[in-house]
Amino acid sequence: MDPIPPSPSTITLLLKHSTSTTFLSVLPTTTLTHLKSELLRYLGENAAHIDPFPQDPADVVLGAPKDPMELEKGFLVVDEPAGKEITVKDIGVRDWGVLAWKERGGGGFEVEIPVEEEEEDEEEEGDERQ
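Described in the following lines is the structure provided in the data block. Computed from a prediction, not measured in an experiment: that's the story for all the values here.

Applying the stated criterion across every chain, the model contains three salt bridges. In this structure, arginine 41 and glutamate 38 form a salt bridge, with 3.1 Å as the shortest nitrogen-oxygen distance. Pair noted here: arginine 41 and glutamate 38 are both in helix H1 (residues 32–43), with a separation of three residues, about one helical turn. For arginine 41, a relative accessible area of 40% translates into the label partly exposed. By relative accessible area, glutamate 38 is classed as buried at 9%. Its salt-bridge partner being glutamate 70, residue lysine 73 comes within 4.0 Å of it at the nearest N-O pair. Look at glutamate 70 and you get partly exposed, because its relative accessible area is 37%. Ionic contacts of the salt-bridge type, sharing partners, join the residues Asp67, Glu70 and Lys73 into one network.

Another point: the nonpolar core. One finds Leu13, Leu15, Leu35 and Trp101 to be the most contacted residues of the largest nonpolar core, which totals 22 residues. Put simply, the parts of the chain that give this core at least two residues each are strand S1 (11–17), strand S2 (20–26), H1, strand S3 (60–65) and strand S5 (97–103). It is H1 that contributes the most residues to this core, five residues altogether. Core analysis: the next-biggest nonpolar cluster, separate from the first, contains eight residues, Leu14, Leu71, Val98 and Val111 among them.

A separate point is the packing of aromatic side chains. All told, the structure shown has two aromatic pairs when counted by the stated rule. Ring geometry for phenylalanine 23 and tryptophan 96: centres 6.0 Å apart, planes at 70 degrees, overall edge-to-face. Within this pair, whereas phenylalanine 23 is found in strand S2, its partner tryptophan 96 is found in the loop between strand S4 (75–78) and S5, the two being separated by 73 residues in sequence. Overall, phenylalanine 23 belongs to the partly exposed group, its relative accessible area being 49%. By relative accessible area, tryptophan 96 is classed as exposed at 52%. With 6.2 Å between their ring centres and 55 degrees between their planes, phenylalanine 75 and phenylalanine 109 make a pair best called tilted. Taken together, the positions of phenylalanine 75 in strand S4 and phenylalanine 109 in the loop between S5 and helix H2 (119–129) put the pair 34 residues apart, joining distant regions of the chain.

Analysis parameters
- Residues numbered from 1 in each chain as written.
- Predicted model: local features only at pLDDT ≥ 70, side-chain atom pairs only at ≥ 80, totals over all residues.
- Heavy atoms only, no water.
- Salt bridge = Lys/Arg side-chain N within 4 Å of Asp/Glu carboxyl O.
- Helix = DSSP H or I, 4+ residues; strand = E, 2+ residues; numbered from the N terminus.
- Buried < 20%, exposed > 50% of the residue type's maximum accessible area, 1.4 Å probe, protein only.
- Core = buried A, V, L, I, M, F, W, Y, C linked by side-chain atoms within 4.5 Å.
- Phe/Tyr/Trp six-rings, centres within 6.5 Å; stacked < 30°, edge-to-face > 60°.

Encoded structure:
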């Protein structure tokens, strides 16, 4: 299946693992199983830095942020129960929403959140040195 180009009917998701972020445009009705397949397909050969790299979508576990405004609080596992398909919309993810991913059986979600230092703090430190 070809990638879905961004449009008014799609949402863009940020899928995080360690220091990597993958952007995917999907329909809100995309199932989590299909989302995992698309993630693995897009990463493909570019995943040499991910060890171990899952080969099967069933080996991928998704996580939703405990608090979407404070990703540092961590992620909760979101998985489809056997025989039931759950969509991106069902788990409440919106446009530009963040999901973490990891290999099934691994530890917790390894997501590094960039910390931005405020310029004001840096200027104050420079003033103190003078």
